[in-house]
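What follows is each chain in one-letter form.
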Amino acid sequence: MARKSFPQNALSFLNKHLRSPENPTSTQWKIKNAHASQLKYEKYTSLVHRAEELSNQTLIFHSEASLLKSSSLFPYFMLVAFEAGGLLRALIFFLLYPPVCLFGEELGLKIQIFLCFFGIKKESFRLGTAVLPRLFLQDVGDEGFEVIKICGRKVGVSDMPRIMVEGFLKDYLGVDAVLGKELKVVCGYYVGLVEDIKADGNVLDEILGEKRTDSVAIGFCSDKKLLDQHLFAHCKEVCLVSEAEKRNWHILPREKYPKPLIFHDGRLALRPTQLATLAMFMWIPLGIFLVLIRVPVGITLPHWMSNPILAFSGTRTTVARSKSSIASTNNEKRPNGIFYVCNHRTLLDPLYVQSVLDKPLSTVTYSISKFTELIAPIRTIHLTRDREKDGMAMKKLLSYGDVVVCTEGTTCREPYLLRFSPLFAELAYDIVPVAIDVQVSMFYGTTASGCKCLDYAFHFLNPYPTYCIKFLEKLPDSHTCKFGEVSKFEVANHVQQEIAKALGFQRTSLTRKDKYMILAGNEGIIQDSKRP
């Protein structure tokens, strides 16, 4: 028998599914079947060469089937279970996942939703905008993205709950509307059940509203995942991609992201596939044991003792220095200490700088927990955001000795630098830029919405937490406010530029307020009465 052509295979597949029990009446099936027989089926690659023609067209695509390279939804639900429900819920979900898969795709998906969302407070659920986009972007296929971006209007369809995918699709891909499962809410909490929402033939009109034109839409899905039939009825042609083709896709490179991924939250640094999650649960008992060694050793012992012990336990520190960066100044006109100005990766930045220099330092911070302040082996003062008061406090610290300051005001995990506050430039005679980078494999030691007092623990819970510290050349007198004819803003921008060049990071004008408004919905200020 001759092998069927691609359009014949596609039509057979569509007709087979249109006969499913979901279409109870024969009349309805006949209508859909007639429409399917008139459709035009093409390979997805044919759309790439029709960019100008499709710029005003509407694309309806299945996000998991036509955009993501992997077909497994386990990592996304595991992330929700861990970040929103905690370690115990994540462990339960991991153990139950294999038997859940035996119930079939549709029922198994509903069980996964129940396990991950039952009892989660709706108001505090921000994973869809603050955590999950990073995981989705790591799995976007470059080839699928090229198809989606050429159409003017885009409607994303997902098998996952809408609150999981909407933030990613709208904020990072510019999708006009997202269709996904709606979850039932009782007394402000998700109960883990899916709402039964009836779709009708005008669903596309309702979604796009005035943006809808008379032109019909184009469908984009997998040969194993059909679009909803009511949406499918709006398509004049459907482009299919096979699982074999998706396996040959390339992951979308960072430089092609439609919107840069600068801020994201959550504790998990790894992609929680089944094997990675198994390794994580096997590591955690040993990791907790190491935390109970690393944290007390780093806090209580002198540097000449703690550094070898920490290195033996798996922590890694690489240091690069220039001669001028650590040279002492004996000029009588410079009675104050040195300002070590660094970018901010974790709360441990000042401690690592102090450890590497092997001398006592002071530091300033906008807000840390009382517990963190209590155990920190470094003199710390809180900034009030009052320019005069903060300036006087920092000047007082400089009179005691050298000061390390993270002028971004908050941490940033990605290779970007936030705006540097120019306050340090007004006070210091000697300024040494310090470039810092941190590499972790399992957990992030920072959080915007979680418990900040556990930042130390999560950082040291990693098998091999790595700190890279580069002491750059001390700023020449001509580049300081005290001796050169430059403004404080020019000094701050110059320091930011030097650190960005040393690390290969990109500079931004974003601030602490921008980060917390995006990730936590607040300005990131911890009131004294509320600090844990």
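For the structure itself, consult the block above.
Below is a short write-up of the structure.

Rules used in this analysis
- Residues numbered from 1 in each chain as written.
- Predicted model: local features only at pLDDT ≥ 70, side-chain atom pairs only at ≥ 80, totals over all residues.
- Heavy atoms only, no water.
- Helix = DSSP H or I, 4+ residues; strand = E, 2+ residues; numbered from the N terminus.
- Buried < 20%, exposed > 50% of the residue type's maximum accessible area, 1.4 Å probe, protein only.
- Contact = heavy atoms within 4.5 Å.
- Areas by Shrake-Rupley, 256 points an atom, 1.4 Å probe, with all protein chains shown as cover.
- Phe/Tyr/Trp six-rings, centres within 6.5 Å; stacked < 30°, edge-to-face > 60°.
- Lys NZ or Arg CZ within 6 Å of the ring centre and 35° of its normal.
- Axes fitted to C-alpha atoms, helices over the stretch in contact; angles between N-to-C directions.
- Parallel < 35°, antiparallel > 145°, perpendicular 65-115°, else oblique.
- Left-handed = near helix turned anticlockwise from the far one by under 90°.
- Pairing = 2+ DSSP bridges.
- Core = buried A, V, L, I, M, F, W, Y, C linked by side-chain atoms within 4.5 Å.
- Polar contact = N/O pair within 3.5 Å; in protein donor to acceptor, adjacent residues only side chain to side chain.
- 1 Å grid on protein atoms, 1.4 Å probe; cavity = no way out; pocket = protein on both sides within 12 Å on 5 of 7 lines; lining within 4 Å.
- Points joined across faces, edges and corners; volume = space filled by probe spheres on them.
- Nonpolar A, V, L, I, M, F, W, Y, C, P; charged D, E, K, R; others polar.

1. Some words on the overall build of the chain
- The number of helices and strands found in the chain is 23 helices and 17 strands.
- When each of the 532 residues of the chain is scored for burial, the buried share is 52%.
- Excluding contacts between residues fewer than 6 apart, the proportion of contacts in the chain whose partners are at least 24 apart in sequence is 75%.
- Surface summary for the chain: the accessible area is close to 25,200 Å², and the carbon and sulfur share equals 56%.

2. Concerning the packing of aromatic side chains
- The final tally for this structure, using the stated rule, is 16 aromatic pairs.
- When the ring of Phe117 is compared with that of Phe125, the centres are 5.4 Å apart and the planes differ by 45 degrees; the resulting orientation is tilted.
- Residue classification places Phe125 among the buried positions, given a relative accessible area of 12%.
- Chaining the aromatic ring pairs together yields one cluster made of Phe74, Phe93, Phe94, Tyr97 and Phe281.
- Directly above the aromatic system of Tyr172 lies the positively charged group of Lys259, at a separation of 5.1 Å from the ring centroid.
- Across the ring face of Tyr464, the terminal group of Arg316 is positioned such that the distance to the ring centre comes to 4.4 Å.

3. Some words on helix α18 (residues 349-357)
- Most of α18 is tucked away: nine of the nine residues are buried.
- Within the sequence span of α18, burial applies to Asp349, Pro350, Leu351, Tyr352, Val353, Gln354, Ser355, Val356 and Leu357.

4. Some remarks on the packing of helix α5 (residues 74-85) against helix α6 (residues 87-101)
- Relative orientation of the contacting elements α5 and α6 amounts to 150 degrees, with a least axis distance of 6 Å. By the criterion of interaxial angle, the relationship of α5 to α6 is roughly antiparallel. For the element pair α5 and α6, the recorded crossing hand is right-handed. For the pair formed by α5 and α6, the contact residues are Phe74, Phe77, Met78, Ala81, Phe82 and Gly85 on the first element and Leu87, Arg89, Ala90, Phe93, Phe94 and Tyr97 on the second.

5. Some points on the pairing of strand β16 (residues 466-471)
- Pairing between strand β9 (residues 316-320) and β16: five bridges, direction parallel. Among the inter-strand pairings, Thr318 is bridged to a residue of β16, identified as Cys468.
- Both strand β15 (residues 430-439) and β16 contribute to a ladder of six bridges, which runs antiparallel. Across the sheet, the residue bridging to Val438 is Tyr467, located in β16.

6. What about the nonpolar core?
- Counting residues in hydrophobic clusters, the biggest one holds 106 residues, and the most contacted among them are Phe77 and Phe117.
- Tallying contributions element by element places α5 first for this core, with eight residues.
- The contacts of Phe117, once residues within four sequence positions are left out, are Phe77, Val80, Arg89, Phe125, Pro161, Ile163, Met164, Leu183, Tyr190 and Gly192.
- Grouped together as the second largest cluster of nonpolar side chains are 28 residues, Leu397, Phe420, Ile499 and Leu503 included.

7. Quick word on the environment of Asn307
- Along the chain, Asn307 falls in helix α16 (residues 303-313).
- Asn307 sits in the partly exposed class, given a relative accessible area of 32%.
- Distance in space between the C-alpha atoms of Asn307 and Thr317 is 9.3 Å, their sequence separation being ten residues.
- Engagement of the side chain of Asn307 in a polar contact is seen with the side chain of Ser355, the distance being 2.8 Å.

8. Let's talk about empty space enclosed by the protein
- This structure, assessed with the given rule, holds two cavities of 30 Å³ or more.
- The calculated volume of the largest cavity comes to roughly 70 Å³.
- What lines the largest cavity is Ile262, Phe263, His264, Asp265, Thr411, Cys412, Arg413, Thr446, Thr447, Ala448, Lys515 and Leu519.
- Looking at the lining of the largest cavity residue by residue, the classes come out as five nonpolar, four polar and three charged.
- In this structure, the second largest cavity encloses a volume near 40 Å³.
- Contributing to the lining of the second largest cavity are Ser63, Glu64, Leu68, Phe136, Met160, Val165, Phe168 and Leu169.
- Counting residues per element, the ones that place at least two in the lining of the second largest cavity are α4 (63-66) and α11 (162-173).
- Per-class residue counts for the lining of the second largest cavity are six nonpolar, one polar and one charged.

9. Regarding the environment of Ala435
- Tracing the backbone shows Ala435 in strand β15.
- A sequence separation of 63 residues divides Ala435 from Glu498, and the C-alpha atoms of the two residues are 8.5 Å apart.
- Residues within four places of Ala435 in sequence aside, it is in contact with Asn343, Cys468, Ile469, Lys470, Ile499, Ala502 and Leu503.

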